[in-house]
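What the coordinates show
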Amino acid sequence: MATERFEKKQARWWSSLVWPVSGLALLLLFDLCFTDGFFKLEVRDGHLYGVLIDILNHGSKVMLLALGMTLVIATGGVDLSVGAVMAIAGAVAARLINTTNVSFPVVIGVTLAVAIAAGCWNGLLVGAFRIQPIVATLILMVAGRGVAMLITDGQIITFTEPWLTYIGNGHLLGLPFPVWLSGGMLLITALLTRRTALGLFIESVGDNQTASTYAGVNSSTVKFFVYVFSGFCAGLAGLVAASNIKCADSNHAGLFLELDAILAVVVGGTLLTGGRFYLVGAMVGALFIQTLTTTMYMRNVSADIAPVPKALAILVVCLLQSPKVRTKFSGLLKRRGS
Amino acid sequence: METEPKALLEIRGLVKGFPGVKALQGVDFIVRRSEIHALMGENGAGKSTLIKVLTGVYPRDGGTMRLEGVEINPRSPKMAEALGISTVYQEVNLIPHLSVAENICLGRQPTFFGMIRWREMARRAERALRRVDLKLDVSQSVASCSIAVQQLVAIARALDVSEKLLVLDEPTSSLDEKEVGELFAVLRKLRGQGTGIVIVTHFLDQVYAISDRITVLRDGKLVGEFETARLPRLKLVSHMVGREITQPEGSARGAEAGEADVKAEPLLEIKNFGRAGSVTAMDLSVARGELVGLAGLLGSGRTETARLIFGIDKAQTGEMRVDGRRTSFHSPRQAIRAGFAFTPENRKVEGILPRMSVRENIVLALQARQGLGQMISRKRQLELADEFIRRLGISTPGPEQAVGNLSGGNQQKVLLARWLVTQPRLLILDEPTRGIDVGAKAEIEKTMQELRAQGMAILFISSELEEVVRACERVVVLRDRAKVGELAGDGISEEKIMHMIAEHGHGH
């Protein structure tokens, strides 16, 4: 009896990953056949280099955003402001490094505190004042880049501080630091949601908010928290983005990344209507998007038309996830077979 | 041509399965012209599934369906409507913020070069409403009508779609007696005009009052088709439950009155409790080990009282005492911390988490009270789920099944389990037996008596007076959102309650 139930649970855990993983596998198969050097890895100065490592490295920003976004979407909301919060975080860090001589941990601390404050703002609007998430976070999405501009006085601030450049460009045990950062955050988020009751509360609020409130779940607080957490994740992603290019560019840092993050979550199997969420699925989704981007780049698809094949590939994965399409498709195959 | 000439709908060997559940296993169902046909069965018997397959909500796995001798295969409710099968579902499915006229004509609005002809639409809606003997302003929004009127509007809409075959799933569960009578008059008129009517209901009286034939299902299988006039009630009930039923003990309250009589102080006491638009001047007390009933017609303020006590709505007048101490709740969380529990009337909207598992639904309230940090271990969660699945007889393939896939009665049991794991001191049950079958009703009543004997205070809300009279040792009677009186012990009878509800002017 007990083992039977265990198997059932295992099957469910895997089944949520089947479609995003097979999408990614298809794409990698395509690259294996048609893109030269895609799977080449080499070791230089003790660090791993190669296209796959690049994908992990460059995908880490969307992965970080997708972690926060997964929890937000699981409550039935959405956070459009994460790209703007990235810009704010980069601006704060660059400004502090260049104009004050506070120590590095203080810079990181203040930057993340500002990102958390941005999350609190969203959380208050959605959790306490019950403003629709899309509207509430749109406010900061629009205003956020202005705030970042104010912090940087409208300039692009460059920096050379070694610790700050390490975040986006350094290596740890052979792998780029952002890979460790997003992996670590995945672990922390998974522990936070699955080793405490937070995951249950988030899913219950997303599934039926009224029923959850009547059962004693503090829905407003749960909602507040997920936006704060999303802000925090955006802060980390903002640090990585600024560090990557060694400057704070308020106009372009994290531009449109909120859309990639939402896509990653959806590709990962979490429904936009809320309820069950899949963190690992969202990570696979983020990698899928990054692999697509890299593939386009390596195949010399011009940047102007690259979004078209990208959109097509994402469409295929989303269709694969639709039970309706799947039954139609398998019915078609059966008819062919017989 | 072997089929009877008058068979309007003929379903043979219908099969439908869900993951882990065989909902229908080779069911036959035949409806003739000019016939009112009752579809009966316990929870999970397959009534809802049969209706949903018939109306194109679910595809079928096997079997044939013929309408007027022609094989049909509806793949959506819209297709079923086009074929001549119109349906009113158990939960009134109108769009609350649209007008009555828009709801009636939705999807079939009269248009003129793509523009909606509003006058024509209003005329059509009025015509449809006349068929159910209802006269009201069709431009008002559906949300502003009472549930009973909404039900009639839904039926008017169904009639406007088609008169060939009308399917009514629990049409009377929110109607009072007079409205039921009016509805039945409409149904008889339609029957006279040749319409075949399928009715699903749990009220035996109504089945005998209106139906010509009865088809009984049990556990997804056909038990048989009977002529109503030739089927004694007791026989029908035993067909439905599949065993000789023992009537719930009539004098449960008398038997154990002695042990629970140590009522030093009420657990909950409210005085002059009220809120604008809710209830006025409610006085009520419940002691440990006491089962108090709230009786009254639909809209008399029963649910509103429960919402005030549980902290969902905030009282504006009066005071509440718990264990003799003055308290007030600003949220359900505070009420839960005081040991209160509440199963809402509308379990789909306010009760269950449909896509989450039985296990998660059961542990939610306990986990919410314990807070984030003290996570109930997975092992313990499964133990709790297994224990209550067994104790309350929840029929589910397992604790990981999504609650939305269970039948109504089992969803209600899951809700009950959610609160029982918190070991509440006061349990408020708002219509726990609404829309569930005889067997599950008896089980829930039995569970209530057991809990009361263990010393739990229970506030029981039900629109079925018979149930209230049987279960409660004290009954508070409401009318027009105010308390009109109270009955206790042997003084409780359906007749007296009805008198209190009916009398005017001189209340308490």
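Residues numbered from 1 in each chain as written. Chains lettered and ligands numbered in written order. Predicted model: local features only at pLDDT ≥ 70, side-chain atom pairs only at ≥ 80, totals over all residues. Heavy atoms only, no water.

**Section: the overall build of chain B**
Along the backbone of chain B there are 18 helices and 22 strands. By the compact-globule yardstick of 23 Å for 508 residues, chain B fits well, its C-alpha radius of gyration being 24 Å. When its C-alpha atoms are laid out on the principal axes, chain B stretches across 75 × 50 × 50 Å. As presented, chain B carries roughly 22,100 Å² of accessible surface, and 50% of it is formed by carbon and sulfur atoms. (Helix = DSSP H or I, 4+ residues; strand = E, 2+ residues; numbered from the N terminus. Rg over C-alpha atoms; globule rule 2.2 N^0.38 Å. Areas by Shrake-Rupley, 256 points an atom, 1.4 Å probe, with all protein chains shown as cover.)

**As for the overall build of chain A**
Counting its regular elements, chain A contains 14 helices and six strands. For 338 residues, the compact-globule estimate of 2.2 N^0.38 gives 20 Å, and the C-alpha radius of gyration of chain A, at 21 Å, lies within 12% of that figure. If you line up chain A on its principal axes, its C-alpha atoms span 75 × 60 × 40 Å. Across the 338 residues of chain A, 51% fall into the buried class. Within chain A, contacts between residues separated by at least 24 positions form 77% of all contacts whose residues are at least 6 apart in sequence. With 23 positive and 16 negative side-chain charges, chain A shows a separation of 12 Å between the mean positions of the two kinds. (Buried < 20%, exposed > 50% of the residue type's maximum accessible area, 1.4 Å probe, protein only. Contact = heavy atoms within 4.5 Å. Lys, Arg positive; Asp, Glu negative; His and termini not counted. Charge placed at Lys NZ, Arg CZ, Asp CG, Glu CD.)

**Focus: the side chain of glutamate 473 of chain B**
Within the fold, glutamate 473 of chain B resides in the loop between α17 (465–471) and β21 (474–479). At 3.0 Å, the side chain of glutamate 473 of chain B and the backbone nitrogen of leucine 291 of chain B are in polar contact. (Polar contact = N/O pair within 3.5 Å; in protein donor to acceptor, adjacent residues only side chain to side chain.)

**Thoughts on the interface of chain B and chain A**
Contacts between the two partners involve 34 residues from chain B, matched on the other side by 29 residues from chain A. Where chain B packs against chain A, one counts two salt bridges. Residues arginine 355 of chain B and aspartate 207 of chain A are paired through a salt bridge, measuring 3.0 Å at the closest nitrogen-oxygen approach. The interface formed by chain B and chain A contains nine residue pairs in polar contact (both at pLDDT 80 or more). Among the secondary structure elements, those contributing two or more residues to the side of chain B that touches chain A are α11 (332–337), α12 (347–351), α13 (358–370), α14 (378–391) and α15 (408–420) of chain B. With six residues, the top contributor of residues to the side of chain B that touches chain A is α13 of chain B. (Salt bridge = Lys/Arg side-chain N within 4 Å of Asp/Glu carboxyl O.)

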